[in-house]
Amino acid sequence: MTYRLYHMQSSGNCWKPRVALHQLGLDFELVDVDIMKGESRTEAFMARNPNGRVPLLELPDGRFLAESNAMLAYLAEGTDLIPADRYARALVFQWMFFEQYSHEPYIAVARYWRHLEGKEPPEAVPGQIEDRGYAALGVMEQRLAEAPFFAGDIYSIADIALYAYTHVAHEGGFSLEDFPNIRAWLARTATTPRFVGMDWRP
Ligand SMILES: N[C@@H](CCC(=O)N[C@@H](CS)C(=O)NCC(=O)O)C(=O)O
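Criteria and thresholds
- Residues numbered from 1 in each chain as written.
- Predicted model: local features only at pLDDT ≥ 70, side-chain atom pairs only at ≥ 80, totals over all residues.
- Heavy atoms only, no water.
- UniProt positions renumbered as here; feature names shortened; annotations may be inferred.
- Helix = DSSP H or I, 4+ residues; strand = E, 2+ residues; numbered from the N terminus.
- Axes fitted to C-alpha atoms, helices over the stretch in contact; angles between N-to-C directions.
- Parallel < 35°, antiparallel > 145°, perpendicular 65-115°, else oblique.
- Contact = heavy atoms within 4.5 Å.
- Near = heavy atom within 4 Å.
- Polar contact = N/O pair within 3.5 Å; in protein donor to acceptor, adjacent residues only side chain to side chain.
- Areas by Shrake-Rupley, 256 points an atom, 1.4 Å probe, with all protein chains shown as cover.
- Nonpolar A, V, L, I, M, F, W, Y, C, P; charged D, E, K, R; others polar.
- Domains from an automatic or database assignment.
- Buried area = accessible area lost by both parts, 1.4 Å probe.

- If you check an unreviewed UniProt entry, the protein appears there as Glutathione S-transferase family protein from Pyruvatibacter mobilis.

## Structural notes on the UniProt feature "domain: GST N-terminal" (unreviewed entry) in the protein
Consideration 1: UniProt's entry tags residues 1–83 with the feature "domain: GST N-terminal" (unreviewed entry), counted in the numbering of this structure.
Consideration 2: Helix and strand shares over residues 1–83 are 33% and 19% respectively, and the end C-alpha atoms of the span are 27 Å apart.

## Quick word on the packing of helix H1 (residues 12–23) against helix H3 (residues 68–76)
A pair of packed helices can be characterised by two numbers: the angle between their axes and the separation between those axes.
Consideration 1: Following both chains from N to C, one finds H1 and H3 inclined at 10 degrees, their axes separated by 9 Å at the closest point. It follows from the interaxial angle that H1 and H3 lie roughly parallel. Along the contact surface, H1 presents Asn13, Lys16, Pro17, Ala20 and Leu21, while H3 presents Ser68, Asn69, Met71, Leu72 and Leu75.

## Structural notes on the site of the ligand
Consideration 1: In the region of the ligand, 13 residues are neighbours, and Arg41, Val54, Glu67, Ser68 and Gln100 sit closest.
Consideration 2: Separating an oxygen atom of the ligand from a side-chain N or O atom of Asn13 is a distance of 3.5 Å.
Consideration 3: Out of a free accessible area of 520 Å², the ligand has 80% covered by protein chains.
Consideration 4: Of the residues contributing to the shell around the ligand, the split by class is four nonpolar, six polar and three charged.

## Brief notes about the domain arrangement of the protein
Consideration 1: Parsing the protein into structural domains produces domain 1 (3–76) and domain 2 (86–189).
Consideration 2: Computed from C-alpha coordinates alone, the two centres of domain 1 and domain 2 are separated by 21 Å.
Consideration 3: Taking both sides of the interface into account, the surface hidden between domain 1 and domain 2 amounts to around 1,300 Å²; carbon and sulfur atoms contribute 64%.
Consideration 4: Per-residue buried area on domain 1 facing domain 2 is highest for Trp15, Met36 and Asn69; these three make up 34% of the total on that side.

What follows is the structure, encoded as structure tokens:
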């Protein structure tokens, strides 16, 4: 009885549960799903996740959980990766929701198109991806001037959520040159116990 993660190695969203599972010392196996070949849209996969996306986590009891940040919350419950204090915990969720609404749609999407598809991202409003991506980085930079990690003094799943696509932001065309606090936080995060990068697999 172990966790099973349906994932694609090069996806930042898929890296989030991989690193959390490893940092928490949990046993898991990987099932590779190549989204470029439509493998997340097959009938069999859609029966498990009707949203047709990876990552997808199969719990040891056979239940499924989609959405990378929901997986982080599930896995971190009762551990040091999520604070027990009500406000600190809400701050963790604040930054995880920020990641999904204000950061990932620009920084991850730009990376998907430029790095994985080798094309310019299609944009309804030209320049919006760049403007909003840099706006998200600006918000992060400001927060990291106040605290070493997003929820305060302690490394949490909020840092995992935001590290995922920030550390490869350059692959989407975003420069971190003007964001020294972010660069220091990336380095700090990478030295947390049992941290593993995007290429690692068990
Ligand atoms: N909000 C979701 C996003 C998941 C997502 O966009 N997954 C991409 C890979 S990073 C995917 O599976 N795309 C394949 C498709 O849409 O067919 C999460 O955080 O898990």
